[in-house]
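So you can see what is in the structure, the chains are spelled out below.
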Amino acid sequence: MLTFLLILLFTFTVVIPLIRGMRAIYRARRAARQYFEQFRQAAAGTQSSYGNQASAKQQSARRKKINPDDGEFVQFEDLPADAPTVEKTQTTTIIEQQIVDVEWEDIK
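Residue positions within a chain follow its written sequence, with the count starting from 1. This being a predicted model, a pLDDT of at least 70 is required before a residue's local features are given, and a value of 80 or more before pairs of side-chain atoms are given or counted; all residues contribute to the totals for chains, interfaces and linings. Neither water nor hydrogens contribute to the side-chain values; these are computed over all heavy atoms in the structure.

A.B. asks: Is there a simple way to explain the overall build of the protein chain in this structure?
C.D. replies: Helical segments are the DSSP runs of H or I of at least four residues, strand segments are the runs of E of at least two, and each set is numbered from the N terminus. In terms of helices and strands, the protein chain carries 2 helices and 0 strands. Burial status follows relative accessibility: with a 1.4 Å probe on protein chains alone, a residue under 20% of its type maximum counts as buried, one over 50% as exposed, and anything between as partly exposed. Going through the 108 residues of the protein chain one by one, you find that 1% of them count as buried. Shrake-Rupley sampling with a 1.4 Å probe provides the accessible areas, and residues are treated as covered by the protein chains on show and by no other component. As presented, the protein chain carries roughly 12400 Å² of accessible surface, and 57% of it is formed by carbon and sulfur atoms.

This is the structure in structure tokens:
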């Protein structure tokens, strides 16, 4: 009877947590493998579709967000190199003395 109780104790304290941990590791590895496989398939799908007409149709189906007829044309004018530049105003900075705090004094 004591042997049976020891086997049960060992099973519930060691074997079952060990199996749960191994199962969690297996699930994490499987999820990572699936994620990388999906990424690989997506990357292979975009590389192989560059030469296809399907990708050309997909790209031509995209429209620009802004209609070229919208907006106004802004005409820029070139300034000559010897044109006067805007003068910068000089600013004066006043440096104040640093404020000193109360000096430390030991209390006896």
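Alright, that's what it looks like, and here's the rest.
A.B. asks: What is the right way to look at the packing of aromatic side chains in this model?
C.D. replies: Working definition: a ring pair exists when centres of Phe, Tyr or Trp rings (six-membered ring for Trp) sit within 6.5 Å. Plane angles under 30 degrees give stacked, over 60 give edge-to-face, the rest tilted. The full count for this structure, using the stated rule, is 1 aromatic pair. On the basis of an interplanar angle of 70 degrees and a centroid distance of 5.6 Å, the ring pair of Tyr35 and Phe36 is categorised as edge-to-face. Judged on exposure class, the residue Tyr35 and its partner Phe36 are both exposed.

A.B. asks: Could you clarify how one ought to interpret the pattern of salt bridges in this entry?
C.D. replies: Think of it this way: side chains of opposite charge can pair up when their charged atoms draw near. For this document, the term salt bridge refers to a Lys or Arg side-chain nitrogen within 4 Å of an Asp or Glu carboxyl oxygen. The full count for this structure, using the stated rule, is 1 salt bridge. Residue Arg40 pairs with Glu37 through a salt bridge whose shortest N-O separation is 2.5 Å. Here Arg40 and its partner Glu37 are both found in helix H1 (residues 2–48), 3 residues apart, which amounts to about one turn of the helix. Looking at Glu37, the relative accessible area reads 32%, which means it is partly exposed.

A.B. asks: Any chance you could explain a positive patch on the surface here in plain terms?
C.D. replies: Patch criteria: residues need more than 30% relative accessible area and no salt bridge. Like-charged residues are merged within 9 Å; nonpolar side chains of Val, Leu, Ile, Met, Phe, Trp and Tyr are merged within 5 Å. Just so you know, the count uses Lys and Arg for positive and Asp and Glu for negative, and it drops His and the chain ends. Charge positions come from single atoms, namely NZ of Lys, CZ of Arg, CG of Asp or CD of Glu. The grouping of Arg20, Arg23, Arg27, Arg29, Arg30 and Arg33 at the surface amounts to a positive patch. Among the structural elements, Arg27 can be located in helix H1.

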